[in-house]
Amino acid sequence: MRTTVGIIGAGPAGLLLARLLHNAGIDSVVLESRDREYVEHRQRAGILEQGTVDVLRAAGAGARMDREGLRHDGIELRYDRKRHRVDFPALTDGRSVMVYAQTEVCKDLIALQLAEGGPLLFEAEALAVEDPDSGSPRVRFRHEGREDVLECEYVVGCDGFWGVARTAVPAELTRVFERSYPFGWLGILADVPPSHDELVYARHDRGFALLSMRSPSVSRLYLQVPDGTDAEAWSDEEIWDELERRFETADGWKLDRGPITQKSVTPMRSYVHEPMRYGRLFLAGDAAHIVPPTGAKGLNLAVGDVVTFARALTHEKETGSAQLLDAYSETCLRRVWQAERFSYDMTTLLHRSPDATPFEDRLQLARLERIAGARSAETDLAEGYTGFPLD
């Protein structure tokens, strides 16, 4: 099998890249190790930055998002039983975010790829990226019980941290930057309408809490818990009781309860792999970087990566210049590190470390008061949350 771009992974990054390349007249093949049902139902991110929304629309993948997604013009910060709303459009020249689950983005892009795009192979396990530093890299993969080879001009690894793409970069050329956090998120899905019409980020002495949603009838909520927590160790009643404590306000706001349909624990980690390119192998999304979910940056960073690659390859095909492809890693990493900074700032602003001192507690409250009281600090948060430019 031969193609111009071999894409490993059919998450939102790989699928969007295939769509962008198709629209530019560049052929690709997508290899995904899981089956279609798994890809379309794995719960991940749900907040799309303004730039991601714009890209999906321009790619022809935004129709259902615009019908069913929930535009949000702000978030609410809670601390010390106080409430403060951050108004995004007023602080960012009109930018906002969209609540639209990653599962729905994948469904939309899969449908487009199968109807209009190149091959999309499910249950096709990539085994290795071979000769990535040559002019003709290959992806060796297993599909339908037999091994095959995908010959490419370029390979883009959108296969996550545990995929084979990242490991094809020689260790002696690699620099890794990472930080693990001593806490995680206990996340739940509940069949109850959200108790607030925008996301609520709560800093509490007992730990962080987040009120989010998947739809007008389904709530998504999170609790900070110690690293290594077993989700099943928490009863449904204990979860709701703890959420109520952490969201408590002086004005008597109430949290609505409902049946919990899913619960899991997400670890918290910051990770960056440099470089993001080796020869004709390009890394995108979690294959190159991971952020704690506090800043809602993971999916959006992956979108930035594949937009950068698609623009660079289109430029090379139209002009013969590889200048933008050669700059891929540097271009992406500028945005990645700003997102890492923002996600780290949000995490340390809102989560309580297990060994936090009273001094550190007061510093958190002072930082929140600064955001609530100074337009410059509030603008910095709003600009980071709604997204850094894709240019």
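Coordinates for the structure precede this section.
The sections below set out a description of the structure shown in this document. Positions within a chain are numbered from 1, following the residues in the order the chain's sequence is written. Given that the model is predicted, a residue must reach a pLDDT of at least 70 before its local features are reported, and side-chain atom pairs must reach 80 or more before they are shown or counted; all residues, however, enter totals for whole chains, interfaces and linings. Side-chain metrics rest on all non-hydrogen atoms present in the structure, leaving aside hydrogens and water.

What follows is about the nonpolar core. Throughout, nonpolar core names a set of buried Ala, Val, Leu, Ile, Met, Phe, Trp, Tyr and Cys residues whose side chains join them through atoms within 4.5 Å. Categorising residues by exposure relies on relative accessible area from a 1.4 Å probe, with only protein chains included: less than 20% of the type maximum marks a residue as buried, more than 50% marks it as exposed, and the intermediate range marks it as partly exposed. Membership of the largest hydrophobic core comes to 75 residues, with the highest contact counts inside it found for Val5, Leu16, Leu48 and Phe309. For this core, the leading source of residues is helix H8 (residues 298-319), giving ten residues. Core analysis: the next-biggest nonpolar cluster, separate from the first, contains 53 residues, Trp185, Phe208, Leu223 and Phe388 among them. Secondary structure elements follow DSSP: runs of H or I no shorter than four residues count as helices, runs of E no shorter than two count as strands, and numbering proceeds from the N terminus.

The next thing to look at is the side chain of Thr92. Position of Thr92 among the secondary structure elements: in the loop between helix H5 (88-91) and strand S7 (97-99). With a relative accessible area of 4%, Thr92 lands in the buried category. Polar contacts here mean pairs of N or O atoms no more than 3.5 Å apart (in protein, one a potential hydrogen donor and the other a potential acceptor; neighbouring residues in sequence count only if both atoms are side-chain atoms). In this structure the side chain of Thr92 is engaged in a polar contact, spanning 2.7 Å, whose partner is the backbone oxygen of Phe88.

Moving on, we get to the environment of Ser264. Relative to the assigned elements, Ser264 resides in strand S17 (residues 260-274). The class for Ser264 is partly exposed, based on a relative accessible area of 29%. Residues Ser264 and Asp230, spaced 34 residues apart in sequence, show a C-alpha to C-alpha distance of 8.0 Å. Two residues qualify as a contact provided that any one of their heavy atoms is within 4.5 Å of a heavy atom in the partner residue. Among all residues touching Ser264, those that are not within four sequence positions of it are Trp185, Leu186, Gly187 and Ala231.

For the rest of this paragraph, the subject is unusual backbone geometry. Of the consecutive residues Glu274 and Pro275, the connecting peptide bond is found in the cis state with omega at 0°. Although it is not a glycine, Arg81 adopts a positive phi angle of roughly 65°. For Arg81, the location among the structural elements is in the loop between strand S5 (74-79) and strand S6 (82-87). Residue Arg81 is classed as partly exposed on the basis of its relative accessible area, which comes to 44%.

This brings us to the sheet that holds strand S11 (residues 146-151). Any two strands between which DSSP finds at least two bridges are classified as paired. An order of S9-S10-S11 is seen for the three strands of this open sheet, with the pairing classed as antiparallel. Because the sheet does not close on itself, it has two edges, and the strands there are strand S9 (124-130) and S11. Between one strand axis and the next, the sheet turns by 25° as a mean value, whatever way the strands run. Bridge count between S9 and strand S10 (residues 138-143): six bridges; the pairing is antiparallel. When the sheet's bridge partners are listed, Glu125 is paired in S10 with Arg142. In this description, a line fitted to the C-alpha atoms serves as the axis of each element, helices being fitted only across the stretch in contact, and the angle between N-to-C directions of two axes falls anywhere from 0 to 180 degrees.

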